[in-house]
Amino acid sequence: MASSSANLWVLLGLGLAGVLLMTRKLKKVIKEDFGAFVQRLQLLPPPQPAPPKAPHPLTNLSFAVSDVFDIEGCVTGFGNPDWTRSHDAASRTSAVVTAVVEGGATCTGKTVVDEMAYSINGENKHYGTPTNPAAPSRIPGGSSSGAAVAVAANFVDFSLGLDTVGGVRVPAAFCGVLGFRPSHGAVSHMGIISVSSSLDTVGWFAKDPSILRRVGHVLLQLPYAVQRSPRQIIFADDCFQQLRIPVDRVYQVVLKSTEKLFGRQVLKHENLWNYFDSKVPSLKAFHSQKTNGETRNSLITSLVKAMNHLQRFEILVDVDILILDLAILLRIPTLDGRVLFLPRRSEEFGMQVLCAFFGQFGRPRNGIVFRDGPHEFKHNHEEWLNSVKPVLDPSISSQLYDVLEVADTEIEKCQLARTEIRSALNSLLKDDGILVIPTVADPPPKLGGKESLSEEYQNRNLGLLSIASMSGCCQVTVPLGFHDKNPVSVSFMARHGGDRFLLDTVQSMYASLQEQADIAAKSKSSSNAVDRETYAEIAKEKGNQAFKDKQWQKAVSFYTEAIKISGNNATYYSNRAAAYLEMGSFLQAEADCTKAIDLDKKEKGNVKAYLRRGTAREMLGYYKDAIDDFKYALVLEPTNKRAALSADRLKKLFQ
């Protein structure tokens, strides 16, 4: 009996100890602001201008910056304490931080980044991994992990981060907030620790699309212009096949929102990797060997390889970035009167400036300037790595130290691929197109797990992320609620230089997207059934696109594919009948219309089927049956002119 009492007291003691430990951990998280910040500070905006002048555009907003942005008097830590100890405080504040402070916002601190800003996972063994407010047991994504967490946890209204190969887009997706990567070269890099100037962009996070847009207008220095709606929204169907969650939670949400806001006529479908295969021939130089004949897998691997070469072995400096930073530093406006993204018509001006101030650079080639020396990351940081010998996370050090020599010709191939991809996407999207792709293929992996370190995980996700990183096109991550308690997102892309258009599109679509995401999350349908419906709808939309392009046989093939997946949908049969009519296959058209009429119990939905069957029967010589079909179509829709004209014409001829 005494022994039982003793055991009971031991168990109670252990239980209380566990509760205390958990309480301490919880208090620690709350005290440390979810681990998002490495330093708290305050940069106040200037006084408001006197009326009648408008107030500053970012008035009453707070923000934080990733610890790669210089702030005068503070050491920029770069995610590593050895870096902090071995570097002096910044002598001036980063140009973009200055811009948003002068725009009326208050800076409240610097946030955690992945070590050397060299990962997309968001884990930092030195400063701790920031807690993901949207999914506390999952990683927050990196490299700008703390900046995303600060916004997701409502500590600030927006934050600034660095996106090289996904440093803003991934944490935005994993933490369930908006994340914007602008066009490469659109925002100054002055006062920022660079990872790769050919890939680096200054991005920003927000929860509110209007704030995301306001920050964009300040950083991009956009003048007033009338907002435009997209004329084509292109779904990269093959990219959605890589998703590791039900496709409907993303694809159908965007599809239905687009139809509701802009109509079906703007919808278009593209096999993006096949498109790249034909438009980006330079990627073939990176094919190690054919991947069982799978073009998509081979191209994804090649694109990731080219991007990694640029990130690790880069010897190139982008003219736009240098001109922009120089113009800001010297207060020299570009030819259009703005210290901003260098327009192509100003390249001659830019080159004159460069030649005058940077005589050590060589001749420009393909919109870039070459210089002698090792790749950029090593050029900037190799001496520090060798002299300080910092303690680095093994997953980071393996990438920084285990570096193979790459010939200049390989780097030139990478830059050629970058140029071709940008040209291909600009041609596809034009000035009024939006490309829809998944931000990442996977839900956020578990903390401390090995999944995020696996080659398969990295290739899946870097393949999607490399599209914007390599092309330099602008991209925005848009949250779409949750699936299995994990955040879900989608990405929109616009052509290089289409930043305003992309920000406007997000602003106009955001409310509808959230509404459709809520509907999808509450749906009681089984995931398998919904997936089949989704794939059938994809096939149908491809058929619709082929029909618009007058590719009748191709349209029939896609409608047939939709019917095989979901054979009880009257629309699929009716649409295929329309394609058969164009091909002169009247028996098949009649049969499909009859099937559609049998399936569709809502009489209003049968009008097109009756009209098409009437046309098929007329061509087959079944005039009485054709007249009956046109008459019945008129009963269902008395104002239908086509039915009335067809019925009258046949009655005059044969009755």
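Data block above holds the structure.
Each value, and the rule that gives it
- Residues numbered from 1 in each chain as written.
- Predicted model: local features only at pLDDT ≥ 70, side-chain atom pairs only at ≥ 80, totals over all residues.
- Heavy atoms only, no water.
- Helix = DSSP H or I, 4+ residues; strand = E, 2+ residues; numbered from the N terminus.
- Contact = heavy atoms within 4.5 Å.
- Expected span 1.5 Å × (residues − 1).
- Buried < 20%, exposed > 50% of the residue type's maximum accessible area, 1.4 Å probe, protein only.
- Pairing = 2+ DSSP bridges.
- Axes fitted to C-alpha atoms, helices over the stretch in contact; angles between N-to-C directions.
- 1 Å grid on protein atoms, 1.4 Å probe; cavity = no way out; pocket = protein on both sides within 12 Å on 5 of 7 lines; lining within 4 Å.
- Points joined across faces, edges and corners; volume = space filled by probe spheres on them.
- Nonpolar A, V, L, I, M, F, W, Y, C, P; charged D, E, K, R; others polar.
- Parallel < 35°, antiparallel > 145°, perpendicular 65-115°, else oblique.
- Left-handed = near helix turned anticlockwise from the far one by under 90°.
- Core = buried A, V, L, I, M, F, W, Y, C linked by side-chain atoms within 4.5 Å.
- Salt bridge = Lys/Arg side-chain N within 4 Å of Asp/Glu carboxyl O.

(A) Fine view of the overall build of the protein. Counting its regular elements, the protein contains 24 helices and 14 strands. Within the protein, contacts between residues at least 6 apart in sequence are counted, and of these 73% link residues at least 24 apart.

(B) Geometry of helix 8 (residues 251-262). Over its 12 residues, helix 8 extends 16 Å from the first C-alpha to the last, a length consistent with the 16 Å expected when each residue adds 1.5 Å. Regarding helix 8, the residues found buried are Tyr-251, Gln-252, Val-253, Val-254, Leu-255, Ser-257, Thr-258 and Phe-262. One or two steps after helix 8, the chain reaches Gly-263, where phi turns positive at roughly 90°.

(C) Inspection of the environment of Ile-234 at higher detail. As for its placement among the helices and strands, Ile-234 is situated in strand 7 (residues 232-236). Beyond its immediate sequence surroundings of up to four residues, Ile-234 is in contact with Lys-268, Glu-270, Leu-428, Leu-429, Ile-434, Leu-435 and Val-436.

(D) Geometry of the sheet that holds strand 6 (residues 201-206). The 11 strands are arranged 1-3-2-4-6-5-13-14-12-7-8 in an open sheet whose pairing can be described as mixed. Both outer strands of the open sheet, strand 1 (37-43) and strand 8 (267-270), are each paired with one neighbouring strand and no more. Going across the sheet, the axis of each strand differs from the next one's by a mean of 25°, ignoring polarity. Alignment of strand 1 against strand 3 (residues 106-111), held across 4 bridges, turns out to be antiparallel. Bridge pairing in strand 3 links Arg-40 to Gly-109. Each of strand 1, strand 2 (62-66), strand 3, strand 4 (158-163) and strand 6 is contacted by helix 4 (residues 145-152), which is oriented at about 155° to strand 4, the strand it contacts most. In the packing of helix 17 (residues 499-522) onto the sheet, contacts are made with strand 5 (178-181), strand 7, strand 12 (433-437), strand 13 (474-483) and strand 14 (486-494), and the angle to strand 13 comes to roughly 10°.

(E) Seen up close, empty space enclosed by the protein. One pass over the full model with this rule turns up 2 cavities of 30 Å³ or more. Lining the largest cavity are 15 residues; nearest its centre among them are Ile-245, Asp-442, Pro-487, Val-488 and Ser-489. Among the secondary structure elements, those contributing two or more residues to the lining of the largest cavity are helix 5 (169-175) and strand 14. No other element matches the 4 residues that strand 14 contributes to the lining of the largest cavity. Within the lining of the largest cavity, the residues separate by chemical class into 11 nonpolar, 3 polar and 1 charged.

(F) Examining the packing of helix 20 (residues 570-583) against helix 21 (residues 586-599) more closely. Contact geometry of helix 20 with helix 21 gives a least axis separation of 8 Å together with a crossing angle of 160°. Here helix 20 is positioned roughly antiparallel relative to helix 21, judged by the angle of their axes. Crossing hand, helix 20 versus helix 21: left-handed. Across the interface between the two elements, Ala-570, Tyr-573, Ser-574, Arg-576, Ala-577, Tyr-580 and Leu-581 from helix 20 touch Phe-586, Gln-588, Ala-589, Asp-592, Cys-593, Lys-595, Ala-596 and Leu-599 from helix 21. Residue composition of the contact of helix 20 with helix 21, by class: 10 nonpolar, 2 polar and 3 charged.

(G) Structural view of the nonpolar core. Among the nonpolar cores identified, the biggest contains 78 residues, and Phe-63, Phe-158, Leu-160 and Phe-492 are the most heavily contacted of them. Sort the elements by how many residues they give to this core and helix 17 lands first, with 9 residues. Non-local contacts of Phe-63, meaning those with residues more than four positions away in its chain, are made with Val-97, Val-100, Val-101, Ala-105, Thr-106, Cys-107, Thr-108, Gly-109, Val-156, Phe-158 and Leu-160. Of all hydrophobic cores here, the second largest spans 44 residues; its members include Ala-173, Leu-199, Phe-286 and Leu-429.

(H) Here's a closer look at the pattern of salt bridges. The final tally for this structure, using the stated rule, is 21 salt bridges. With a closest N to O distance of 2.6 Å, Arg-576 and Asp-592 form a salt bridge. Separated by 16 residues along the polypeptide, Arg-576 in helix 20 and Asp-592 in helix 21 bring together distant segments of the chain. Residue class for Arg-576 comes out buried when judged on its relative accessible area of 13%. The partner of Arg-613 in a salt bridge is Asp-629, and the shortest N-O contact between them spans 2.9 Å. With Arg-613 in helix 22 (residues 607-620) and Asp-629 in helix 23 (residues 623-636), this pair connects stretches of sequence that are 16 residues apart. Residue Arg-613 is classed as buried on the basis of its relative accessible area, which comes to 11%. It is possible to trace a salt-bridge network through shared partners that takes in Glu-590, Arg-613, Arg-617 and Asp-629.

(I) Spotlight on the pairing of strand 5. Going residue by residue along strand 5, you find Leu-178 and Phe-180 tucked away on one face and Gly-179 and Arg-181 tucked away on the opposite face as well. Inspection of the sheet shows strand 5 paired to strand 6 by 3 bridges, in the antiparallel sense. Across the sheet, residue Leu-178 finds its bridge partner in strand 6, namely Ala-206.

(J) Region of the structure containing the packing of helix 8 against helix 17. Relative to each other, helix 8 and helix 17 sit at 130°, their axes nearing to 9 Å. One finds that helix 8 runs oblique with respect to helix 17. For helix 8 against helix 17, the interelement crossing comes out right-handed. On the side of helix 8, the interface is formed by Val-253, Val-254, Lys-256, Ser-257, Thr-258, Lys-260, Leu-261 and Phe-262, while helix 17 contributes Ser-508, Met-509, Ser-512, Leu-513, Glu-515, Gln-516, Ala-517 and Ala-520. In terms of residue class, the contact of helix 8 with helix 17 is built from 8 nonpolar, 5 polar and 3 charged.

(K) Just the environment of Glu-410, in detail. Counting through the fold element by element, Glu-410 comes out in helix 15 (residues 408-429). The sequence separation of Glu-410 and Ala-306 amounts to 104 residues, and the corresponding C-alpha distance is 8.8 Å. Excluding anything up to four places from it in sequence, Glu-410 contacts Phe-286 and His-309.

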